[in-house]
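Listed below, chain by chain, are the residues.
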Amino acid sequence: MEKNQEKVRYSLVKNVEDYQVGIYDKPLPCFGCGKGWFCFLVGFLFPPLWYYATVLYFGNYYRKDPRERAGLAASAVAAMACTIVVLIVILATLL
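Cut-off values and rules
- Each chain has its residues counted from 1, following the order in which its sequence is written.
- Per-residue local features of the predicted model are confined to residues with pLDDT of at least 70, and side-chain atom pairs are confined, for both listing and counting, to 80 or more; whole-chain, interface and lining totals are unaffected and use all residues.
- Hydrogens and water are ignored here; the side-chain numbers use all heavy atoms of the structure.
- Fitted lines through C-alpha atoms serve as axes, helices being fitted only where they are in contact, and the angles separating the N-to-C directions of these axes extend from 0 to 180 degrees.
- Under the scheme used here, helices are H or I runs from DSSP no shorter than 4 residues and strands are E runs no shorter than 2 residues, and both carry numbers assigned from the N terminus.
- Throughout, the term roughly parallel applies to angles under 35 degrees, roughly antiparallel to angles over 145, roughly perpendicular to angles from 65 to 115, and oblique to all others.
- In this scheme the handedness of a crossing depends on how the near helix is turned from the far one: anticlockwise by less than a right angle means left-handed, clockwise means right-handed.
- Every residue pair with non-hydrogen atoms within 4.5 Å of one another is taken to be in contact.
- Residue polarity follows a fixed list, in which Ala, Val, Leu, Ile, Met, Phe, Trp, Tyr, Cys and Pro are nonpolar, Asp, Glu, Lys and Arg are charged, and the others, Gly among them, are polar.
- Known as pLDDT, the predictor's per-residue confidence is scaled from 0 to 100.

Chemist: Give me the lowdown on the packing of helix α1 (residues 34-42) against helix α2 (residues 48-58), citing residues and values where you can.
Modeler: The interhelical angle for the contact between α1 and α2, taken along N-to-C directions, is 155°, at an axis separation of 8 Å. Here α1 is positioned roughly antiparallel relative to α2, judged by the angle of their axes. At the point where α1 passes α2, the crossing takes the left-handed sense. Packed against α1, whose contacting residues are Lys35, Cys39, Phe40 and Val42, the element α2 presents Leu49, Trp50, Tyr52, Ala53 and Leu56 at the interface. Partitioning the contact of α1 with α2 into residue classes produces 8 nonpolar, no polar and 1 charged.

As structure tokens, this is what we get:
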């Protein structure tokens, strides 16, 4: 590197005062954890919430906020597991 390099001046692309709030700067609903994780956690007390979150998941609700996708998917898996367990219990009682 040369010792006699010219000082390069950089300029800002945007003005600092023109800060725009992005989609990820807003807090998630339901105490900051999102609808999906809220339904997943409360679903252990009230399992129909898992089915509500599954409807939201298959209705592409996560396109509004991609941070919701993991919680909604977890609720869909929990709803499927709950359905399988209920079917096994019903079939075991019938036999």
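Chemist: An account of the confidence of the model for the protein chain is requested, with residue identities and associated values reported.
Modeler: On average, residues of the protein chain score 84 in pLDDT, and 81% of them are at 70 or above. Across the protein chain, the secondary-structure element scoring lowest on mean pLDDT is α1, at 92, and the one scoring highest is helix α3 (residues 69-94), at 94.

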